[in-house]
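# Examination of the molecular architecture
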Amino acid sequence: MRRPSPLTDILPRLAVLALALACAGAARAQAPESERASLRLRYGLSSRQGEQVDVGPGLTYSGLTPNDVALTLMGWAGAYLGGQVDLQREAFELREASSRVTGGSLVRGSVGPRGRLSLGPVRLELGAGYGFAQLPLFGGFTSAPVLQRGVRHAALFSGRVVVALPARLQLEARGEVPLTLSAHAADGLKASSSGYVVGAALSYPVVQRNGWTGRLLLDVQQAHDTMELEARGLRSEQRMRRMGLGFEVALAGVGRASRPVDGPRQAFVALSVVDAETGAPLPGAHVRVPSLKTPGTDEELVADAQGQLRVLLPEGSQSAQASVEGYEDATAVATVTGAEESAPVQLRLRKKAPATGSLKVKVVQGKNGVPVPDVKVVSGTALLRTNMVGEVLLEGLAPGPVAVAMSAPGFRATEEAAVVVAGQTSELVVVLSQERKGEQATLVGQIRSARNGRPLVATVTIPQAKVRTRTDKSGTFTARVRGGTYRITLSAPGHRTQTKMVTVREGEQAILNVDLFPRGR
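A brief look at the structure comes next.

The rules behind each value
Residues numbered from 1 in each chain as written. Predicted model: local features only at pLDDT ≥ 70, side-chain atom pairs only at ≥ 80, totals over all residues. Heavy atoms only, no water. Pairing = 2+ DSSP bridges. Helix = DSSP H or I, 4+ residues; strand = E, 2+ residues; numbered from the N terminus. Axes fitted to C-alpha atoms, helices over the stretch in contact; angles between N-to-C directions. Contact = heavy atoms within 4.5 Å. Buried < 20%, exposed > 50% of the residue type's maximum accessible area, 1.4 Å probe, protein only. Core = buried A, V, L, I, M, F, W, Y, C linked by side-chain atoms within 4.5 Å. Salt bridge = Lys/Arg side-chain N within 4 Å of Asp/Glu carboxyl O. Polar contact = N/O pair within 3.5 Å; in protein donor to acceptor, adjacent residues only side chain to side chain.

What follows deals with the sheet that holds strand S12 (residues 266-275). The 3 strands are arranged S15-S12-S18 in an open sheet whose pairing can be described as mixed. Only two strands of the sheet have a single partner each, and these edge strands are strand S15 (308-314) and strand S18 (345-349). Neighbouring strand axes in the sheet, compared pairwise and without regard to direction, differ in orientation by 30 degrees on average. Sheet topology note: the S12/S15 ladder contains 7 bridges and is antiparallel. Bridging from a neighbouring strand, valine 269 pairs with valine 311 of S15.

Written out as structure tokens, the structure reads:
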């Protein structure tokens, strides 16, 4: 057989790409347009690859052939049940090398009921019925091969998935599998047969008038058929790839995005939801618009990955409200005219202000809890003073831990921590201690060896306070001095002397722990 043409490789990949796009398109919230009836006509090019084992050396039915025609008629009795009739004519040529030996045409068709169901952005159709197909067989080799059309009668099971895409595009993926009831050659000999058909189409509406929609579509399809005469040991197998342009006329029916034939005038409106500050699209936005199914009520739709959606609204001024988590709701008015497409509307949402909380601070003194007025309270950049009952309210604080510092004449300054909860007022009670003038401060500490961490018997000298003391066996010492800053000298046999600067306040206790390093040899 000859080497497959580029189209032979491209068509299956296009079908796979269409299936992938169908899955990706399911992220749209608008349901695909539904119809009451549709008539589709397709004309295009086919690439055939096949063989019959006894045809002879060099004889194939491979290559490109034009005049591939298909007609599909579909009607629906309601929202869920309908029927379909499908007819296809396939041009056919048998070649030896590059020379044409014979040719002709093959026909396949099907008829049967169908059902459909809308699942959010996806419409699913399933069908079962009768399928008829002519398949190529060759005989009569006295002078040249003669095309004998084998016939297959089958119970046909089919399915189609339709998804609405941005820019008013519509994508479908389809497939059918026959369950052979009977098959025979032209001379009546019984045969066995099997096969399948898969395909995809991308359509775009080019005209809409009074409930009718005309769509231009690009269609790809692959069919795989086999036929075998067991009595003669003949087997014919073909793979047909088709690509063609088509036109479909559909009468609008049920469905969210379809136009009723009767009733008030309506038009499509393109809505987009964006950030008011940056203009960036807000995907997944929830948009409420007037319902066509139940007048006087609203329905909620979801914007696509570009923050857009296309809805059908009744004529007049119609409001649309958009909401996104973390943003304030926004409302816009769409002026719907009798035209097929009204002016687009943009809903601009602003981010919500960050949630804050407040902190109520109460300052008291002593064990009796007497309020302390006029205490300076500092938290971040906020500086306030307590009122006559010792209270102050800090507002507009970010949720989480916060540090609060308090100071007042005659009291020791202190700092406390509190937790702020968004939307709530937390409370913090602080007890201030009075400063004790003239009371000595206490300096305590421990001296250890940096070599092994063992306590040292060391000498502690504070020249300004005229204090000289020694540590006990545990290396600890205690000294009482007045408030101020002191230079303290620490020394021990066999270790380097260290000097530390320490500031203490009257009536307070300071801790000084020091590790002395051994002297080098």
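So, on to the environment of serine 317. Following the sequence through the fold, serine 317 ends up in strand S16 (residues 316-323). In this structure the C-alpha to C-alpha distance between serine 317 and threonine 335, which are 18 residues apart in sequence, comes to 4.6 Å. Apart from the residues lying within four places of it in its own chain, the contact partners of serine 317 are Val333 and Ala334.

Turning next to the pairing of strand S14 (residues 298-302). Along S14, the buried face is formed by Glu299 and Leu301; none of Asp298, Glu300 and Val302, which line the opposite face, is buried. As paired strands, strand S13 (residues 286-290) and S14 are joined by 5 bridges and run antiparallel to one another. Each bridged residue has a counterpart across the sheet, and for proline 290 the counterpart in S14 is aspartate 298.

We now examine the nonpolar core. One recurring pattern in soluble globular proteins: nonpolar side chains tend to sit buried together. Counting residues in hydrophobic clusters, the biggest one holds 24 residues, and the most contacted among them are Leu271, Val273, Val287, Leu347 and Leu349. Counting residues per element, the ones that place at least two in this core are S12, S13, S15, S16, strand S17 (330-336) and S18. Residue contacts for leucine 349: discarding those within four places in its chain leaves Val273, Val274, Asp275, Ala276, Leu282, Ala322, Ser323, Val324, Tyr327, Glu328 and Ala330.

What follows concerns the environment of alanine 413. Inspection of the secondary structure puts alanine 413 in the loop between strand S24 (400-407) and strand S25 (414-420). Aside from chain neighbours lying at most four places away, what touches alanine 413 is Met406 and Ser407.

Judged by which residues are buried, strand S33 (residues 509-516) turns out to be one-sided: Ala510, Leu512, Val514 and Leu516 face inward and are buried, whereas Gln509, Ile511, Asn513 and Asp515, on the alternate face, are not. Where strand S27 (residues 441-449) lies against S33, 8 bridges are found, and the strand directions are parallel. Bridge pairing in S33 places glycine 445 opposite leucine 512.

Another point: the pattern of salt bridges. Scanning the model with the defined rule gives 23 salt bridges in all. The partner of arginine 152 in a salt bridge is aspartate 225, and the shortest N-O contact between them spans 3.1 Å. With a gap of 73 residues between them, arginine 152 in strand S7 (residues 146-164) and aspartate 225 in strand S10 (residues 212-229) connect regions that are remote in the sequence. Under the relative-accessibility criterion, arginine 152 is labelled buried at 4%. Judged by its relative accessible area of 3%, aspartate 225 is buried. For glutamate 300, the salt bridge identified is with arginine 288, shortest N-O distance 3.5 Å. On the criterion of sequence distance, the pair formed by glutamate 300 in strand S14 and arginine 288 in strand S13 is long-range, its members being 12 residues apart.

This part takes up the side chain of glutamine 84. Along the polypeptide, glutamine 84 turns up in strand S4 (residues 81-96). Looking at glutamine 84, the relative accessible area reads 15%, which means it is buried. At 3.3 Å, the side chain of glutamine 84 and the side chain of arginine 114 are in polar contact. The residues contacting glutamine 84, other than those within four sequence positions of it, are Thr72, Leu73, Met74, Ser110, Val111, Gly112 and Arg114.

Moving on, we get to the sheet that holds S17. Taken together, the 4 strands give an open sheet; going across it, the order is S14-S13-S16-S17, and neighbouring strands pair in antiparallel fashion. One side of each edge strand has no neighbouring strand; the edge strands of this open sheet are S14 and S17. The mean angle between the axes of side-by-side strands here comes to 30 degrees, regardless of whether they run parallel or antiparallel. As paired elements, S13 and S16 share 3 bridges and run antiparallel to each other. The residue of S16 that forms the bridge with valine 287 is alanine 322.

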